[in-house]
Every structure is written in C-alpha cells, then in structure tokens.
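Residues per chain are reported as follows:
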Amino acid sequence: MSEVLLNGNSESHEGAVQSSEHEHVSVKQSHDSQHLSIGHATTLTENYTAEAAEVSEQEQSPVSPEEIVVPRVALAGLEKEMWGEEHYEAMYNFFCNKNCRILVIYIDETRGLVCTNDVPPDQPMQIAYFIKLSNVKVSKLNFKSEVTYGLCSSNYMHSLLESMHEIYAPVFFSNTSWAESVRNDFSAQLHKFMASLTDTAFKMDGKTVLYIPNESISIEPEVCAKNKELISRLETSVIHWTRQIKEVLSAQDSLEISENNGPLEEIEFWKSRCTDLSGISKQLDQEGVLKIKEILTICKSSYIGPFSKLAKQIQDNTAQAQSNLKFLSTLREPCEELSAAQPANIPPMLTKILSCIRIIWTNSDHYHSRERLTALLRKFSNEIINRCCTKISLPDIFNGKVESSMEGLNESIECCEAWKLTYNEAAATHNRFSEVKWLLDRNSIFAQVDAFVQRCRDLKEVCEGQSQFGRYSHGKKRPEPIFTGLRGPEIVRSLKEIEEAFEKNLYILKSVKNTILDVKSTTWHDAYNRFRMGVKDLEVMMQNVITSAFETVRTVEHGVQVLDIFHHLSSREAIRRTIDKKTVDVYQLFNEELNLVKKDFNTKTPNLTPTQPKFAGSAWWARSLKRRIDRQMEVINKATYLPKIGAGEEIRTQYNQLGQALEEFVGKTFQEWALSIDKFYSQDLGHLLEIPLIVRSFERNMMLEVNFDKTLLKLFREIYYWERLKFEIPHYAAEVYTKEDELRTIRESVLLVVRDYNRILGALNNEERGLFKERIKFLDKKIHPGLTKLAWSGKSHTTEYFISECRNHASKVQSIVDSYMHANRTIQSLCKRISETLLIEIDSKRIYENVEFEEEQQQYRSRIRKKLVELHDEIIATMKNTYEVFKGDGHDVQMHWHRYTEKVDKMVEEAFRLNIKRSLQDLSRAIHGDGKSAPNPLFKVRVVLHEKDRVDFSPTTKKLAEIVNTCARELTQTISIIPRLPEILSKKRANKDAQPIYVVISNDEETKKLQNMIVQCMIANAQHLKNYLHTWDNCEKLWDINKDSFIRRYERTKPLMSKFDADIARYTEMANNIQKEETVQTVQFVLVDCQPLKFSLLQHCNEWQNKFTELLHHMAKEKLNELTDFLQNSCKKLSKPPERLEELGESLELLDNLKSSMKEIQGRFIPLDEQFKILKKYDVEVDEGVLQKLDGLNGEWQSFESCISDSEVMLKKYKEKFKTELLASAEEYKKNVAALVEEFQNRGPFTIDKEVDAAIEVIMSIQTSSDNLKTQEETIRKGLGIFKIDQPLNKDIAELDLSLSSLQTVWKIIGEWNGLYNSWKAGMFVSLVTDEMELKAQQVYKKIVKVSREIKNKHWEVADTIKARVDQFRRTMPLIQDLKNEALRDRHWVQIKHDVSKDFDHENDDFTLEKIIDLGLEQHSTVISEISAAASKELSIEQAIQGIADTWRVMQLDIVSYKDRGILRYNFLRMVREYRHLL
C-alpha cells in the first residue's frame, strides 16, 4: 500500500510543491483538485505562501522531528497527552532514513494514537499522512520542498479506485499516440497498480476481489495468443489471482485475528469468510476470467494449471466455513448480552456461554480442535476484560476520585475471578460426564485475565496511595493539616514534599496511561515497579515526618492531634508500627503529667496568688490539678482511633487513684478551715468594725490609708472561694458575710477620698507643697473626723456626708493644682519652641550663588528675633497669671515664688542655648555632613579658563569662607534683647552678678567648639577645591602644541588608515571624554560648574580634527587616481587577441597572474574605500569630480572582471579536443557500476539457505569488483580535474559498499551464532552455563538488532530469519534457568513431568538442550517457573530449620541460685543478652 501511494502520488505532489515556490494561488487550486479527484476526501494540506518567513541561518540548527510533525496533525479527538516516545521513534525514522518515505498517524479504538511508517491494516476514520517526494533525509530546511502532507477520511482507497477505473485507466488504454514499446511497458505497470489498488481497497473491507483486465475482452482468443506482450500481462494478472486465492485459503482459522478481539469478531470472521469464498467462486465464473483462462489455455501457459486446481479447494473451504459459522451462531445471543453487560452482571451469563462452547467441542466437525477452542475462550477473556475496562475510569483514578475508582476495580476483580471459577466448574463437570475430555490450555485462556486482575490490584494500590499521600477524596484534596510550634512550617513543608514526590511518582504511571489496561504492554511493569519503590521511599519519609512531628509534642492534646492527622496511614504496616510507637509516647506523656501533678500535690505547698486565701486557695489549687488531668483524660477518651495497649490501662488506673486523692485533699482542707474559724471567730465579730475609717500611713509621709481589718478581709475571701467550690459555710461566718456588700461599698468610697488626697500631695514636690501650704492645711481640717471619730460600724448617712464634704474640698484644691501644673507645661512647651525656632535656615534643595546666602540669612534672623521675643513674652504672661493665686499669701509663700521664677529663668536660658547650638550644628552639618553621608551642595562656583592659560574659581574660596564665618558669629547677637525673668516677676531684687543670656551663651564652651569646627571645615574645603583643579592638567596639550607644525611632521610619516582614523577619533574621543566629564561636580558642600572650561577645550579639539581631515582628503585623492589607471591599462593588454603561441603564453601567464592577484587588487579597494568613508564619517566635503571617479570605480572593476572572463573563454577553445577521451571513459564507468549493482541484486546471499563461507565468498567477490571500480573512478576524476571539471562521487557505488558491509556483518553474525548453538545443543544439560549462554545470546541479539536497524528498509530474509532464531533462543533461557535450579528435588521433577505430560530422565546424558526443545518444554514455562520458585522457598525453609537445630544443639544453659533461698532457676537474663541475635 505504501508503495502504491508513493508511486501513484509522489509525482503530482512534487509538482505541486515545486510550483508553490512561485504562485501559491494556482498551487492551492491544483493541489486541492488533485485530492478531490483522487480521494473525494477532506484533505488539509498546508499551502506555502509568499508570506511565509524566509529560511534564516538560525534555521540550520537541529530541530527535533516532533516539533515539525505534531503541530501539523489535526486529528479529531487528538489530545496532547496522547503523544509518547513510541510515536517519536517512527517520526525519527521518517526524517533520518532515506528509504522510509511514508509516515501515517491515526487514532485506533483499542491501541489509541498510532504513528507508523506503514499503511494501516484496517480503515481508520481519519489518517494524517506525510510522504517524501524522493529518497532523502528530511530537515527543517528541505521539509517544505521534499514532503507533502495532509488529512484523509476513511473512504480514500475506494475513491482512488473508482477514479482510476472510470477515468484514468480508460484514457491510458485507449491512447494510440504512444510508441508500442512505451505503451506495453506502461500498460503492464498500470495493470500491476490497478491489481494492487483493487486488492488493497477491498481487503480493508474484508473482501477478496479479482482485478480483471478489459483489454482482451473484445479480441479473439487466437489473436490474443499471438501477442506476447499481452500474454505476459494476462499471466501477471493470473499470478496475482493465484496469490490472492492462496492467501484466502491459507487463512484457515481466526488465529490471525488480533488477540484483542472478542467472540463477536470471531463469528463475524467466519461469516465474512463464507461471503468471501462464495464471492470468489462467482468471480471465477465471470466472462472476463473465463476469457483469460481460454487465451492462456491456447498458449499452453504454465500458470493456468495451478490456477484451475484452486477452484476445488474454494468449494471445500466454503463448506468448512459454513459449518463453523453454524455452530458459532449459537453463541451470538449470549455474546451480544455479554458485550453490553456491566462487570457485576457478567457472572450469571458465563454458565450459558460455557454450555454452548461444550456443544461446539463435542459436535462440531471442523471447529473442535484444541487450538480453536482455546483461542475462542481467550476471546471471551478479552471480552470480559474489555467490559471491565469500561467500568474502570483511568481519568477518575488519576484525578483523585478514589472511592468510585476502588468500587469499579473491585467489581472488575470479582468478575474475572468468577469467570475463572465458572470455567473450572464447567471443565470439571464436562470431564465427569463426557467421553470427549476437556483438554484445553487453561494458562493460555486466563493468562491475560490473570494479568488484568493483577493490574487492577496495582491500580487499587495507586488509589490507596492517592488517599494516603495525596490527600485525595472524591476528586478533591482534603484540607492540609495544621501543625503548631516552631517546627510546624517545616513539617508542613515536608508533607508537601511528600505530596510532590508522590505526584512525580504518579506522573510515571500517567506517562503510560494509554497502556495501563493493555495487559500485553510491558511498559506498565517498569513504571509500576518504579512507582512502588517510590512509595516505599515515601513511607520512610512519612515515618520521618511523624517522628519529626512528635519531637515538638509536649502535651497529650498535641500528641492526640498529631495521631489524628496520621492515623489514616495506619493501613500501611511500616507506618502503623511508627503510629503504635507514638501512641505509647502519648500515654507516656500523660503518665509524665500524672507524675508531675502527683509531685506537685505531694509537696503540699500550693502556688497561691495574692488574692487567694490560705485554705480555700489550697483547695482551689488541688481542684485545678484535678481539672488538669481530667482534661487530658477526656482528650484520650475521645480519641477512639487510638490502638489499645497494655500501658494505657495501667495509666488509667493511676489517673483514677490520683483523682481520688485530690478530692480527698479538698475535703480535708475544708474541715481544717472550718475548725480554725470555729476556734477564732465563733464569738461576736462586731468589735472588728469599731475602728476609724482612715489612718495616716507610716511608710509614705503625710499620705492616708483605708483602716479596714485585714483578718475580716481574709475571712470574706475564704468564704467566697468555698462557695465557688460548692461547700456549705458555718452559720456564724455566713451571717458576717451577709454585710460584705455594704462594707465593700463604704470601703470603696473611703478609698476614693484617700485617693483624692494622696493624688494632690503626690502631684507636688516638697518645694511646691510650700507654695500650696495654706490650701493643704484647710483640707486636713475637713479630713480630721475620719481619722478620729467615724468608724465602720457607724451610721451610714453620717459616713456618706463626711465622704461627700471631703471629696468636694479636695476637688477644689485639685483644680488649683491642675491649673498650676498646666502653666508649668505651657512654659515648658514655649521653651521647647524657643529651642526649636532656629536662627539659621538652610534649604537642602537649594544651591546659593555669589552672596545670596549672606543676604537671605540676615533677613531670616530679623524675622526669627521677633518671633523669639513673642515667645518670651508669652512665658512672662503665663507666670503673671499663675501668680494671681499666690499674691495674697504670706511671706513664706512669696519666698517659694521667687525661687520658682529663678528656676523658670534657667529653663529659658537653656532653651536659647539649645537654639544657638542647634543652629550652629545645622550650619556645620550643611558644610561638613552628618558623619554618615556627604553634605548636599550648598554653594555654586564656576571653573573658567583665563586668557593667560590659568584655571580658577568664581567666586573664590576666600569669599566663601568669609560668608560662612560671619553667619556663625552673628547668631548670639540676635538674642541680646532678651531680659532675665526675676527682674520682671519677682518683688525681690535680682542678683547683680547675673549676666545677660546672650553673654552666657557666647562664653559657652560647646558654642565656641562648634564655631571653631565651622572655620576649620571651610579651610579644608578650600584645599579640596584646589586639588580638583589638577584633574584638568591632562588637557593642557590641547592649547600648548602648535597645530600646523605637528601636521607637517605627521604627513611625512605616511600613517596607515587605521592610525589616521584613530588619530582623528582620538580628538573625537577626547571631546567626548570632555563632554562626559561631569559638568557639575560636588566637592563637599560646594557645587563646581565646569561648563565654561569644557567649552574652551572643545573648541581646541575641533581645530585639531579639521587639520587631520584636510590631510586625509589629499592622500585619498592620489590613491584613487593610481588604482583607476592600473585597471584600465591591464584590460587593454589582456583584451588584445593573441596572434602567436608566444602571445598566447604571455596572455595565459598574464591571465594567471591577474587571476592570482585578484584578491590583492581588490584588496586595494578596501583601504581606499576606508579613506573616503573616514572623510564621510567626519563630514568632510569632497570634490564632485573625485566622487564621480570613486563611484565609477566599481564599473572599472566589473569591466576588468569581464575582460578576464572573456579572455579565459577565448583561451579555453584550444583545450576542448583533449576532453573527449576522458568523458567517454566516464560514461563507460557508469555502465560498469550499474552492471555491478545488478549483479549484486541477482547473486547476493539474501536468504538463509546458503553456507556462511559461500555467502561471504560471494560478498568478497563483489567487493573486489567494487574496489576496482572505485580505483577507476579516482583516475577519471583526476584527469577531469586538469580541465577543472568536477566529477562527483558515484552514489550507487557508495550505496553498494554500505549494503555489502551490512550483508557481510549479517553473515558473520550467522556464523558466530551457528558456532555457539552447535556447541550448546549437544552438551549435557547439567553442564550448561546458563549465565554465559544468556550473555552470549544477548550479545549476538544486540548485534543483529543493530544491523537490522541499519537495513530496516531492505527487507533481507537472511537478517529477519537469524533475528527470529536468536530471539526464540533468548525467550527459552528463563526455562533453562528454572530447570537448573539447585533447589529442585526429585519430587519437583516428578511434578514437572506430570504437568507437562512428558516422560524423561533429567539426570541422563542424553538430556541436552536439544532434547528440551524437542520435548516442547518451553510451552510449559509458566508451570515450571512456579515449581522452581516453590522449590527455592522450600530450600530456604529447610536451611533455616537446620540452622536453628544446630544452634540449640550446642547451647549451654546456666542454672544459678535464686535469692539465696536454695531454689535453682535458669539465668534467663544472661541467656537473652548472649543469644539475642539467635532469637
């Protein structure tokens, strides 16, 4: 089929693709019309338009074939996940193998996505095809020109056949304009094509149709018999018919049908076979067939006899097919029910199906063979597997729908097990009651069922893993567990790593998702083994995570929470052991908690708070210990999933005992308290209330305290806690407790009076108390009754009046104190504002020029001086307002007021000092920085180049220093108008020695230090600016050197263009560097502007460039004239025709010299072009005449090249006569190569029937002839090389060498294998070294597989045969290893003989490898493997038992005295230590 496609369509596609390079519109129309006329199918072929991107150099990089193919495949239902490595292998073969010319991709119902290099055996709904137009390797560069591709629907073959039969074939056969030889040859090939096309088209429908040529229908048989060409074509058709009929007859049973088919396909097969055989019989009676048989009979053709004999065989096979169909039809109804049933409904149907099969087994004449019945039952197994597959949803499994997936898997397993059980029961019943025994191969029937059941169990384990490690449930992930503590994020991260690792392991299975339910696919086993190994690693990781999670567990609650998180993993044995161990740890934590509580309880020293009483507090403490262990016990009881352990019951007993002890302690404590209050408080408690309400404090001077009996407070606290503990209080204590609320109210009111009084005294210091002396004395008179007369047992209204009066007077005094304190805070706020209202203002974002800074600071100081005076006046006004309260008080109060004014005056002085200090610090920071970063620019100066070549600043550094220092000195003079406060507010005369505030600040050491720092900073900055000027010293040569003198010296050196350009560019670079130099440079707090200096330097750079470009223009003009003259003179000499041989020699020599110096001459263009490019680069104006000559230089060069070419042609005319003989030899060489290739095709040892030595001898003979031809080819190529004729290497001879080498390698491998096999087959079985045999066989198989890949498309029988032999031997090796198992005993050999139904002596010398193969033991490899494995396990058990017996046989037991009582006992402790490793 692939050959048909290639031969039939490649030419038209090639034309379409080639034409697409020119006109894409016409190509699209013609290309589409070709597909419509040939296939009547929807074809999606890419049209390469002019808009497509041109191939760039980057496209020459290697591109994988899948990157080209996959985007161009647009099959319905295709998904990205369907692509796999097996598909890419076929793509690589198509791209890299020259002989592989077809790539077909389609979707099969059972196999999924299929990518192959052959035509599909059946008709898929859609196929995507890629066809090479020639035998080449395909790459990204030639893909568009060498490959045509598209998409076809399922009826493409019939459409092509109809078009050929109805349209093209009649046109070709009726054409009489061709030559007879051409017409005969074309007709023969067309008949072959039509026969192959007809056979292929109908074979895909399961029919056999004979192609009947029509060209002999209208001609008499006698006339046709005389036409040898026609007879040859008719014989070809008969040969094709014979082959078709033989293929039909050879398909005697359905064993050739795909192993995945079910019983309905088996029935359809026999139905189709009946129809096919009947159709062939009718076709043999058609007029065309009879006419051809008559013609060939007249000619006595040797092919007509065998063809006639096939008719009788057609009838016999038709009867057999009808009989088989009749018996199989009894299975149609149950099979149809089976094909639509769910797995849960299948078991009841199986008995009826097996009964029908038993009828066929006992009654059918043709279908009762063991092989056919086994194959039929195997198809029922396939059908059951297919039905189970419909219940299993792989997307649900891999999407985490664990529960529903597990249900489907369990149903499938139960269904398959029921099928096996029903079969066994039916077989046993049949053997019991029927004479025809049930002798079917059970292993073959249920091999795929067993594999499918195991696959389902594997998928169940995958589902369990998703639930346990992936947190999946019903397709969604359960919420992530939460772990507290510092290690919580680490544990969560570890769990996420486990989940990610599980997802990676699961991805291994997802990669083979398309083959999971295909039990024949071996990719699942490797992927699943890797998955299981990964899950085992995850179990270890999970154990580590559990252990890590418990490292932070310190409480029972935390431990139970962690166990709750991991208990769903307890179904895995390894993890369950860890969980059991951690459960013991949780109980141990509870035990430790019990021990801690017990320890605390046994100390009998309760940890009471200050508010808790002695007795009730102790009982409360004991009850809290009880609640502490009760809470943890409740957590354990609620955790029903915790496993039962022995230590848990012991701990529960300890808990009950400790709880009982705590309750007993609480009761005992209450009894002790009741006895104590009965002893001390049983009399009247009223006398405790006959004490004053208030008392002076002994600890705090002049402060008050509440005078309430503390023993009575303690009694109240005891009663409060005992009531909360649900105990009954004695009656006499309860009566006193009834007054607790009233007494508490009075106590809190008295406490308010005490608080008001204490707050007034606490707000004033000793000096201020003297200022408020008279007001405090009045308040003491009001409080005096509470200190002497009023008691707690007095009348409540008297007490309330006293409290009200005291609080009213206290509030009045408090308001006066608050006003005084507010005045103090106001004064402090004003002083703070004075200290923060600085006398200097520096804008950090502004840069001052010239004297702007000095002028603005003078104006700012004037404004601030007014503001400071206003703040000082506010302080004076505030103090005057405060004095109104005290002006009527006595002399002592006035003395305290004078000291108060002096204190405030010191505050004001400190505020002004801070103002001056901060102002100087701001100025210092502006010019010096804050120590962490450099200062911002404050002043701007310009750098200028004077006419006397001197660089300097404007303004000068001296002027800057004068401005800053003056500003620092003027600060203290600004506050000279501020007076002292005592002079204004106090009646007492001020101290005569007191200096004004500004004088004190001027003499302050810190102020002087800051002023000196500013001066030193200005001096340092002046030096930095001077150093900066030296950075421009490297530009001094720009104006120092005489420019004209330097250019004259430079011209005499004849510099290269590179140096010329470099020198011109040097000044450009220098100008650029000058431009790049920062125009504005910061030197500490000074911003230096270099723009005036840079402008002067750039002017000098431009002058230097102009000098150099003028010199370059002069030199370029001279070089141009010299080169133009040379080209014109050389053409004049070379163009002159030679009149004599000497002239010819001279011309040839000149020609050779000029041709050899072409690069040198052309190299002169580059420097010249560079010169003018340099001139253009620097915008130099060039004369118009010079530019015209420069533009014409390329024309001169073309004329020069044309002259050389013309002269070369003229001289070659004298050499032609010497070429004839060499060219004739080259033609003869090609004929010899073709003959040798034909000889190789005819004589080559391509079949296995030859001896190795003879085959290699033939190959070496052809190789010798090939070597001789290659020598002849080299001689011819050298001769033609003299005339500069390039003769390419012959591809046929190269291909022949490769074929010879591959074929010789195959025969060497055959020789090697024959030697190995002959040495093994006759050797005794016991002496076989299976490891060596398997290694040798594997090595040979690798060699033949490697060679087979190289010759994949050559279809050599010899390679396929030896590959099949070696592969069959490799599959036998596991059987040999099982038979050589040293664990096999005589009972095992007896069992083997019984199971295989063969009798042999495995210890006899004639039991060899050849004997094993003759006995057919490889058919029972599964049974033998099971027996061998069982023998190995039995041997291990025997060895273990023998080891135990040997150990205990020599063991010595020590008997010692038990506690000196005269009783003897075994020293088991010592025994356990010594023999622990044995136990």
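Rules of the game
Note that residues are indexed from 1 along each chain, following the sequence as it is written. In view of the model being predicted, local features appear only for residues whose pLDDT reaches at least 70, and side-chain atom pairs are presented and counted only at 80 or more, with totals across whole chains, interfaces and linings using the full set of residues. Only hydrogens and water are removed before side-chain values are computed, so all heavy atoms of the structure are retained for them. Helix and strand definitions here come from DSSP, where helices need a minimum of 4 consecutive H or I residues and strands a minimum of 2 consecutive E residues; each element is numbered from the N-terminal end. For each residue, the accessible area found with a 1.4 Å probe, counting protein chains only, is set against the maximum for its type, and the residue is called buried under 20%, exposed over 50%, and partly exposed in between. Helix span, as expected, comes to 1.5 Å for every residue beyond the first. We call two residues contacting when some pair of their heavy atoms lies within 4.5 Å. As used in this record, nonpolar core signifies buried Ala, Val, Leu, Ile, Met, Phe, Trp, Tyr and Cys residues forming a set joined through side-chain atoms within 4.5 Å. At least two DSSP bridges between two strands are required for those strands to pair. For helices, the fitted axis covers only the stretch in contact; all axes are lines through C-alpha atoms, and the angles between them, taken along N-to-C directions, range from 0 to 180 degrees. Note on terminology: disulfide denotes any pair of cysteine sulfur atoms within 2.5 Å. Under the pairing criterion, centres of Phe, Tyr and Trp rings, with the six-membered ring standing for Trp, must be within 6.5 Å; the plane angle then separates stacked pairs below 30 degrees from edge-to-face pairs above 60, leaving the rest tilted. For a ring to carry a charge above it, either NZ of a lysine or CZ of an arginine must fall within 6 Å of the ring centroid while also lying within 35 degrees of the normal to the ring plane. Taking the helix axis as origin, the arc is that swept by the directions to the C-beta atoms. Within the patch definition used here, like charges are joined within 9 Å and nonpolar side chains (Val, Leu, Ile, Met, Phe, Trp, Tyr) within 5 Å, considering only residues with over 30% relative accessible area and no salt bridge. Method for areas: the Shrake-Rupley scheme with a 1.4 Å probe, in which residue coverage is limited to the protein chains shown. The salt bridge definition used is simple: a Lys or Arg side-chain nitrogen within 4 Å of an Asp or Glu carboxyl oxygen. Only four residue types enter the tally: Lys and Arg on the positive side, Asp and Glu on the negative side, with His and both chain ends excluded. Note on charges: their place is set at NZ of Lys, CZ of Arg, CG of Asp or CD of Glu. To sort the angles, those under 35 degrees are grouped as roughly parallel, those over 145 as roughly antiparallel, those from 65 to 115 as roughly perpendicular, and the leftovers as oblique. Each crossing gets its handedness from the near helix: less than a right angle anticlockwise from the far helix is left-handed, clockwise is right-handed. Gly falls in the polar group here, along with every residue not listed as nonpolar (Ala, Val, Leu, Ile, Met, Phe, Trp, Tyr, Cys, Pro) or charged (Asp, Glu, Lys, Arg). Residue-level confidence of the predictor is what pLDDT reports, using numbers from 0 through 100.

Novice: Can you tell me about the overall build of the protein chain, naming the residues and giving the values?
Specialist: From N to C terminus, the protein chain includes 54 helices and 15 strands. A total of 1479 residues make up the protein chain; the buried ones form 42% of that total.

Novice: Requested: an account of helix α14 (residues 347-363), with residues and values cited.
Specialist: Look at α14: 26 Å from first C-alpha to last across 17 residues, which is about the 24 Å you get at 1.5 Å a residue. On the buried face of α14, the contacting elements are α12 (304-328), α13 (332-340), α15 (370-391) and α17 (402-433).

Novice: Tell me what's going on with the nonpolar core, and back it up with residues and numbers.
Specialist: One finds L331, I357, F452, F566, I875 and V1088 to be the most contacted residues of the largest nonpolar core, which totals 285 residues. Here the element with the most residues in this core is helix α40 (residues 1091-1134); it accounts for 15 residues. Ranked by size, the runner-up nonpolar core spans 58 residues in total, among them W1320, M1333, F1369 and F1400.

Novice: Hey, could you go over the sheet that holds strand β3 (residues 126-132) for me, with residue numbers and the actual values?
Specialist: What holds strands together in a sheet is hydrogen bonding between their backbones, with the strands either parallel or antiparallel. On the basis of which strands lie adjacent, the open sheet formed by 4 strands has the order β2-β1-β3-β4 and antiparallel pairing. Only two strands of the sheet have a single neighbouring strand rather than two, namely β2 (112-116) and β4 (147-153). Averaged over all adjacent pairs, the angle separating strand axes in this sheet is 15 degrees, with direction ignored. Inspection of the sheet shows β3 paired to β4 by 7 bridges, in the antiparallel sense.

Novice: With reference to specific residues and values, describe the state of the cysteines.
Specialist: Simply put, disulfide is the name for a covalent bond between the sulfur atoms of two cysteines. In this structure the tally under the stated criterion is 0 disulfides. Lacking any disulfide linkage, C100 is separated from the closest cysteine sulfur, that of C115, by 9.8 Å. Of the residues examined, C100 reaches a relative accessible area of 4% and is grouped as buried.

Novice: Please provide a residue-by-residue account of the packing of aromatic side chains, values included.
Specialist: Evaluation of the coordinates by the stated rule reveals 26 aromatic pairs. One Lys or Arg, R627, reaches over the ring of W620 and ends 5.4 Å from the middle of that ring.

Novice: Please set out the pairing of β3 residue by residue, giving values where relevant.
Specialist: Counting buried residues in β3 gives 6 out of 7 residues, a clear majority hidden from the surface. Sheet topology places strand β1 (residues 102-108) next to β3; 5 bridges connect them, and they run antiparallel. The residue of β3 that forms the bridge with Y106 is I127.

Novice: Account for helix α38 (residues 1043-1052), naming residues and giving values.
Specialist: Residues of α38 that are buried: K1043, I1047 and Y1050. Looking straight down α38, one finds its buried side chains confined to an arc of 60 degrees; they lie on one side. Residues of α38 that are buried in the fold lie against α37 (1037-1040), α39 (1057-1076) and α40.

Novice: Explain the environment of V73 to me, using residue names and the numbers behind them.
Specialist: Inspection of the secondary structure puts V73 in the loop between α3 (65-69) and α4 (85-96). V73 sits 57 residues away from F130 along the chain, and the two C-alpha atoms are 9.9 Å apart. Beyond its immediate sequence surroundings of up to four residues, V73 is in contact with L78, W83, I105, A128 and F130.

Novice: So, unusual backbone geometry: which residues are in play, and what are the values?
Specialist: For R471, which is not glycine, the phi dihedral falls at a positive 60 degrees. Residue placement: R471 occurs in the loop between α18 (442-469) and β5 (472-473). For Q1084, which is not a glycine, the phi torsion comes out positive at approximately 55 degrees. If you trace the backbone, Q1084 turns up in the loop between β12 (1080-1083) and β13 (1086-1089). Looking at Q1084, the relative accessible area reads 30%, which means it is partly exposed.

Novice: Account for a negative patch on the surface, naming residues and giving values.
Specialist: Together, D1386, D1399, D1401, E1403 and D1406 make up a region of like negative charge exposed at the surface. As for its placement among the helices and strands, E1403 is situated in the loop between α51 (1386-1396) and α52 (1409-1415). On the basis of relative accessible area, E1403 is assigned to the exposed category, the value being 57%.

Novice: Tell me about the packing of α18 against helix α19 (residues 488-510), and name the residues and values.
Specialist: The contact between α18 and α19 brings their axes to 10 Å, and the two run at 160 degrees. Considering their axes alone, α18 and α19 lie roughly antiparallel with respect to each other. Note on packing geometry: the crossing formed by α18 with α19 is left-handed. Residues V462, G465, Q466 and F469 of α18 touch α19, and the partners they reach there are I498, E499, F502, L506 and L509. Tallied by class, residues from the contact of α18 with α19 come to 6 nonpolar, 2 polar and 1 charged.

Novice: Got a sec to walk through the confidence of the model for the protein chain? Specific residues and values, please.
Specialist: For the protein chain, the mean per-residue pLDDT works out to 77, and 89% of the residues sit at or above 70. Looking across the protein chain, the model is least confident in helix α2 (residues 24-39), with a mean pLDDT of 33, and most confident in β1, with 88. For the stretch residues 1-62, pLDDT sits under 50, and the model shows 86 contacts to residues farther than four places along the chain or on other chains. Within the model, pLDDT remains below 50 along residues 253-257, and this stretch shows 16 contacts once partners closer than five positions in the same chain are excluded.

Novice: With reference to specific residues and values, describe the side chain of Q894.
Specialist: Along the chain, Q894 turns up in helix α32 (residues 891-928). When its relative accessible area of 18% is taken as the criterion, Q894 is described as buried. Ignoring anything within four residues of it in the chain, the contact list for Q894 reads Y883, F886, K887 and D889.

Novice: How would you summarise the pattern of salt bridges if you had to cite specific residues and measurements?
Specialist: The full count for this structure, using the stated rule, is 42 salt bridges. Across the pair R628 and E593 runs a salt bridge whose closest N-O atoms are separated by 2.3 Å. Of the two residues, R628 is situated in helix α23 (residues 614-638) and E593 in helix α22 (residues 573-603); the sequence distance between them amounts to 35 residues. For R628, a relative accessible area of 23% puts it in the partly exposed group.

Novice: How would you explain the packing of helix α9 (residues 228-250) against α12 if you had to name every residue and give the values?
Specialist: The interhelical angle for the contact between α9 and α12, taken along N-to-C directions, is 25 degrees, at an axis separation of 11 Å. Regarding the angle of α9 to α12, the classification is roughly parallel. The crossing of α9 and α12 is left-handed. In contact with V238, W241, T242, I245, K246 and L249 of α9, α12 contributes F307, L310, Q313, I314 and N317. When the residues that make up the contact of α9 with α12 are grouped by side-chain class, the tally is 7 nonpolar, 3 polar and 1 charged.

Novice: Help me get a handle on the side chain of T799, residues and values and all.
Specialist: For T799, the location among the structural elements is in helix α30 (residues 796-836). With residues near it in sequence (within four places) discarded, T799 still touches L693, I746 and A791.

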